[in-house]
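# Architecture and fold: a report
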Amino acid sequence: MSSFTLRILRNTGFSKLYFKLLRRENLDDREREAVLKISLLLMNAGDEYCKDLGYRVVVMYSNLVSDYRPLYDVAINKGFIPVAKLIEKNGALSHYFQTHFFPVFLSSFSETYRISGIYQTSEQASLSHYFSKEADRGVAVIAPTSYGKSELLVRFCNSHVGKTIAIIVPTKALLSQMKRRVLHGADELNSDRKIITHPEMYNEGDKGFIAILTQERLLRVLQDDADLVFDYVFIDEAHNLLSGDSRNTLLAKVITLLRKRCEDTSFSFLTPFLVNSENLHTRFIESRFTEFRIGEHLKTERYYAIDLRDDGDRLLKLYDQFMNEFLVLDTQYKENEVQFLKRYSGKKNIIYLNSPPRLEKLARTLAVSEEAVEHNELDAVCEDISDFLHRDYGLIDCLKKGVVYHHGSVPDVVKLFIEDLYSAIPEIKYIVTSSTLLEGVNIPAEKLFLLECKKGLSNLSASQFKNLVGRVCRFGEIFNSSSGSLNLLEPEIYIVASRYIHGNANVETFLMERVKVDKMIKDELVNVLLENTKITERNAGDLEKAVEVLENLSPGVTGRNTQYAETEVGKICYINNIVEFSILECESVIAEYLAKVGEDEHAIDDLKELMDVIHHAFIDFIPDDTYRNLRRLKEESAKHFYQMFLAWRMRNASYNEMIKRFLDYWDETPDTLVYVDKWGDTSREGSYSESWVNIDEKTNKERVNLAIVRIKEEQDFLDNQIMKFIEILNDLKMLDVEFYQKIKYGTTDENKITMMKNGFSAGLASLVMGKYPGYVNIDAVANTVRLNAEIQEVMRNNNESRIYVFEAGFNTRG
């Protein structure tokens, strides 16, 4: 059997019986016997793909005929202990497990895989052991979602008291979730350990803390203290490092700086998908780490495709990733995509779309077709969201029908809140989401529907698609003690071509190119700072630029010759990750201009002057064909808008107030064409982009919802784009201290500022300091906050907003 392969199998008569099993058709006794014999042959083949197919056959057989003894034997043999333990709970087999010696013996043996009340697979247990032994020296962990990578980090932090540890995460949302896991997982020895999530939380000389930071925030910490070194660095979602965008090039720069600063620092990488861990090796430094790869496949996915477009065949087909064939399952469907979703939905469903505007449109359409949800908490939840944002927020109407949506333009705390609602309330069946779900978001779902196959402008890559698929039927759901089901070992993934997908998209080709099991997939290396990325004429300039930045951040780090900034402002531009213009070409002119601004030695304390200085000191140097949003700051109308927006921020205006102000601003503006970026439906003269709306043509409800997404997007624009120019001016001591504090934090109150540095929203910080000061311990000098866990119950009893009660839970230990 060692030479038996899938290619050979595809040319045998196996398909006829196998396809009957795939279609979930009844099998007679002879067919059942044949299926089990074939599965045994496959699992004893030398080919790994055949072994996986043999397991798939047993899973489908057991679920089809409700005979789980074959699956039990296979699960024990393969070390799939959680599967075996769930089968043991099957009432129909209780006599078998209580009276036969081997089942009783094997059941007792499997208890050795139980950790903290949870059964692990043999490879999970091996990963835990390997990680605890090798992470001191560095390890790359390639393991699907559900394999407990976050728990590994929590246990490592607890067992390394006194060590300085950095966990680098790609997004602020994942930062919040990781902080919550570390806080809640802290043992008694770590209960007072400092956790840093913001550069300002770090005090020079701090040791033994845990830093959970994005690469941008970690760079700032490193530049603030040239002597800071870390004992251990963990890079979460490390597959991102391969891409060549500015953020992941920066991540490679940070890794380089950390290694050059201390040769003894241990680096570990965690990712759900990577072909070759050597592709994580960074240029200019010696990379030292071993690899642990999870090779087992506990789940066996069922992939479906249907084309419901006007010219589509409207046939539901099942694609088998082993036989590389599509099976037509039914006659033509006359229904639309919403009717199809409702027909095939499970108890919990993820619906993926790439575009937030189309995503919200689908959510509203789906909600209209659903009955109102009956749940004793839901009305109060909707009221809290209404108070926090606005009664006309579209999410509220969807929520009442058991539908939520999730994308980057939903306010951060609301996004986390609705993830929690979706997970906690069974009656909420659907979450319609964009790629914000790809990293770190753990929510229950038994089915996934993709109505688009893109992320941004490109198709989802094989790794991105598999990462998304991994979010469905997580181990916590399959093996849940009260609601677990072995049927969830067969997650159902539907690719639905409809009005929401690109006209020439071929969903069948998309599937074959991403999930055919024996298709060779390679890592796509673009990041020029990775050792294995090929340098050509096309990207040589990118590498040269990256070297320039690294050398200016830490001279000598690459060992290459380059130019260095000669002015203070030039050096500070590198520290603040300015990539929008050539620092070396512009620094002397910028320095001259800023010297004139500061001739009278006054500190800037006026928003108009601030925006003018940002305009002439920085924006004027951005090339005409790049960074369109920033170049808008040359226009007086745009500067006036951001003065207004910053004024709201300085007085810590609530979302509710900002929405009202936005609506007033649109009412007062003489131009009825309003810029709303991706939410637009109209182009203005001289532009091909539909980035505007005629605000007079929008209903009040449409205006409210546009205001909410635009406020979130403008906040992100301020934080990610404009604030770094403000930070440069502050580093140059050109800003009034209180003026800067109000811009950054909306207050000059040191206690509130310390809370916000620790990840509290301005609203929660004000609420706690105003009504619950006895439940918080703040050390403004050490930049630490300790929130009493009892505060949540007290807040509930006082009928505080559930959003703030939820957020408080994110910031308590234990």
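Description of the structure in this document. Worth saying up front: this structure is predicted, and the values here are computed from it rather than measured. (Residues numbered from 1 in each chain as written. Predicted model: local features only at pLDDT ≥ 70, side-chain atom pairs only at ≥ 80, totals over all residues. Heavy atoms only, no water.)

### Focus: the pairing of strand β13 (residues 349–352)
Residues of β13 alternate between two faces, with Asn 349 and Ile 351 on one and Ile 350 and Tyr 352 on the opposite face, all of them buried. Here four bridges tie β13 to strand β15 (residues 430–433), and the two strands are oriented parallel to one another. Counted as the bridge partner of Tyr 352 is Thr 433 from β15. Examined bridge by bridge, β13 and strand β16 (residues 447–450) share four bridges and lie parallel to one another. (Buried < 20%, exposed > 50% of the residue type's maximum accessible area, 1.4 Å probe, protein only. Helix = DSSP H or I, 4+ residues; strand = E, 2+ residues; numbered from the N terminus. Pairing = 2+ DSSP bridges.)

### Thoughts on the sheet that holds strand β11 (residues 317–320)
Strand order in the open sheet formed by eight strands is β12-β11-β10-β19-β16-β13-β15-β14, with mixed pairing between adjacent strands. Each edge of the open sheet carries a strand with a single partner, namely β12 (325–328) and β14 (403–406). Strand-to-strand, the axes of this sheet are offset by a mean angle of 25°, without reference to chain direction. Sheet topology places β14 next to β15; four bridges connect them, and they run parallel. Bridging across to β15, Val 404 finds its partner in Ile 431. Most of the contacts of helix α18 (residues 412–424) go to β14, to which it runs at about 145°, and overall it touches β13, β14 and β15. (Axes fitted to C-alpha atoms, helices over the stretch in contact; angles between N-to-C directions. Contact = heavy atoms within 4.5 Å.)

### Topic: helix α6 (residues 81–88)
Counting buried positions along α6 gives eight out of eight residues, so the element sits mostly inside the fold. When we look at burial in α6, the residues that qualify are Ile 81, Pro 82, Val 83, Ala 84, Lys 85, Leu 86, Ile 87 and Glu 88.

### A word on the pairing of strand β8 (residues 266–271)
Within β8, six of the six residues are buried, which leaves the element mostly enclosed by the surrounding structure. Here β8 shows a buried face lined by Ser 266, Ser 268 and Leu 270 and a second buried face lined by Phe 267, Phe 269 and Thr 271. Two elements, strand β3 (residues 139–142) and β8, share three bridges in a ladder whose sense is parallel. Looking across to β8, one finds that Ile 142 is bridged to Thr 271. In the sheet, strand β7 (residues 232–236) pairs with β8 via five bridges, with the strands oriented parallel. From the neighbouring strand, Asp 236 faces β8, where its bridge partner is Leu 270. After leaving β7, the chain enters helix α13 (residues 246–261) and then returns to the sheet as β8, a path that is right-handed. (Right-handed = clockwise from strand over helix to strand, strands pointing away.)

### Description of the packing of aromatic side chains
Throughout the structure, instances matching the rule amount to 41 aromatic pairs. For the pair Phe 475 and Phe 479, a centre-to-centre distance of 5.8 Å together with 70° between the ring planes defines the contact as edge-to-face. Here the two residues Phe 475 and Phe 479 agree in accessibility, since each one is buried. Here the aromatic cluster, defined as three or more aromatic residues joined through ring pairs, consists of Phe 641, Tyr 642, Phe 645, Trp 648, Phe 662, Tyr 665, Trp 666 and Phe 717. Positioned over the ring face of Phe 717 is Arg 632, at 6.0 Å from the centre of the ring. (Phe/Tyr/Trp six-rings, centres within 6.5 Å; stacked < 30°, edge-to-face > 60°. Lys NZ or Arg CZ within 6 Å of the ring centre and 35° of its normal.)

### Observations regarding the pattern of salt bridges
The full count for this structure, using the stated rule, is 57 salt bridges. Among the salt bridges present, the one from Arg 288 reaches Glu 263, with a minimum N-O distance of 3.8 Å. With Arg 288 in the loop between β8 and β9 (290–293) and Glu 263 in the loop between α13 and β8, the pair connects residues that are 25 residues apart, well separated along the chain. For Arg 288, a relative accessible area of 32% gives the class partly exposed. The structure contains a network of salt bridges with shared partners spanning Arg 24, Arg 302, Lys 447, Glu 490 and Glu 492. (Salt bridge = Lys/Arg side-chain N within 4 Å of Asp/Glu carboxyl O.)

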